[in-house]
Amino acid sequence: MSEPFPSLDQLRKGGKRTLARMLTRLETGAGARETAVFLDSVCSEPQAQVIGLTGPPGVGKSSLTDALIKSFRKEGLRVAVLAIDPSSIITGGALLGDRTRLKTDPEDDKVFVRSMAARDRLGGLSDHSVAAIALLRAVCDRVIVETVGIGQSEGDLKQAADTVVLCIQPGSGDSLQFMKAGIMELPDVVAVTKSDMGPLARRAASDVAGALSLSSIGSEGWQVPVQQVSAQTGEGIAELVNQMGLHRQHLESEERLNQRRRRQHQAWFQDMVRTEFGQSGVALLTRTIGQDLLSRAETAPFLSFWILSSEIKERLNSSCNPGR
């Protein structure tokens, strides 16, 4: 008989080692009913603001993450960082190097950093990443999810984060490329990095503001701000943190945050079905059991997936062994 899962109170009082062991257990126990039940229990008690940090390689996401950690720790907040590295399409491996670039104090038990591979999701979020986010947001005060922005990851982040921060580098032409790809419709805050570059940074901020004005931004009544920041000098970091706080307040008003998270839970459920079972699984969602579970997934995405997964596997076994 497997060891029972610890309570949320135990996890919140525990340190980095406790969290690390718990995340490993979620990976090794993925697919088990008790794991699904535990994950749904932590889904129901979120306390952290989940900040999704994305942008092209070299834009300075890790340096910005480092600066945000320092800012949050000054406030006495417990911070977790989940760095998602893309997996090779050839070998399936991933270089989990983000944590080596963060200058965190190894003795600080209130800062937890975990690198994870995207597996077959390119720069997006794997099922293990989603489970980790569910756990970390129930235990910490701030969760930073850092991904390599290559198109899909920005969309995935919108289904996992409360506040998506898109990083753009001066002089790169990113704003035009992102507008062409439809990415400018996804962020809640835009950070123009390396503001110490002066005129180039101001030009980039102006270009981004123009791109935002042309896209269908402003959902839920929120006007996406553009903030120039420099992790090197600290310029604009406090203002960026303030913008993220204002967005959190905006979501908490009129139940927007709870509604967003319920939609995210449904999206997690559908994505797990699509990843595991492809179009056959998606087709089953249109039937009675699928529709019932889709509604239930708002509050219990992991157990809903376990139930549907069991149903599909049972049908497959029956069709392969008709005499049994």
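Here, the structure is the one placed above.
Residues numbered from 1 in each chain as written. Predicted model: local features only at pLDDT ≥ 70, side-chain atom pairs only at ≥ 80, totals over all residues. Heavy atoms only, no water.

Caption draft 1: Up close: unusual backbone geometry. Despite not being glycine, Glu 254 shows a phi value in the positive range, around 55 degrees. Tracing the chain through its elements places Glu 254 in the loop between α10 (237–252) and α11 (256–285). Assessed through its relative accessible area of 62%, Glu 254 is described here as exposed. Unlike most non-glycine residues, Glu 255 shows phi in positive territory, near 65 degrees. Structurally, the position occupied by Glu 255 is in the loop between α10 and α11. What makes Glu 255 partly exposed here is its relative accessible area of 43%. (Helix = DSSP H or I, 4+ residues; strand = E, 2+ residues; numbered from the N terminus. Buried < 20%, exposed > 50% of the residue type's maximum accessible area, 1.4 Å probe, protein only.)

Caption draft 2: Structural detail: the sheet that holds strand β3 (residues 111–117). Pairing is parallel in the open sheet, where seven strands are placed in the order β3-β2-β4-β1-β5-β6-β7. One side of each edge strand has no neighbouring strand; the edge strands of this open sheet are β3 and β7 (226–228). Sheet twist, expressed as the mean angle between neighbouring strand axes with direction ignored, is 20 degrees. With respect to the sheet, helix α9 (residues 199–214) is in contact with β5 (163–168), β6 (189–192) and β7, its orientation differing from that of β7 by roughly 170 degrees. (Pairing = 2+ DSSP bridges. Axes fitted to C-alpha atoms, helices over the stretch in contact; angles between N-to-C directions. Contact = heavy atoms within 4.5 Å.)

Caption draft 3: Layout of the pairing of strand β1 (residues 49–54). In terms of burial, β1 is a largely internal element, six of the six residues being buried. Burial of the side chains of β1 extends over both faces: Gln 49, Ile 51 and Leu 53 are buried on one face and Val 50, Gly 52 and Thr 54 on the other. Two elements, β1 and strand β4 (residues 142–147), share five bridges in a ladder whose sense is parallel. Its bridge partner lying in β4, Val 50 is registered against Val 143. Where β1 and β5 come together, four bridges link them in parallel fashion. By the bridge assignment for β5, Ile 51 is matched with Thr 163.

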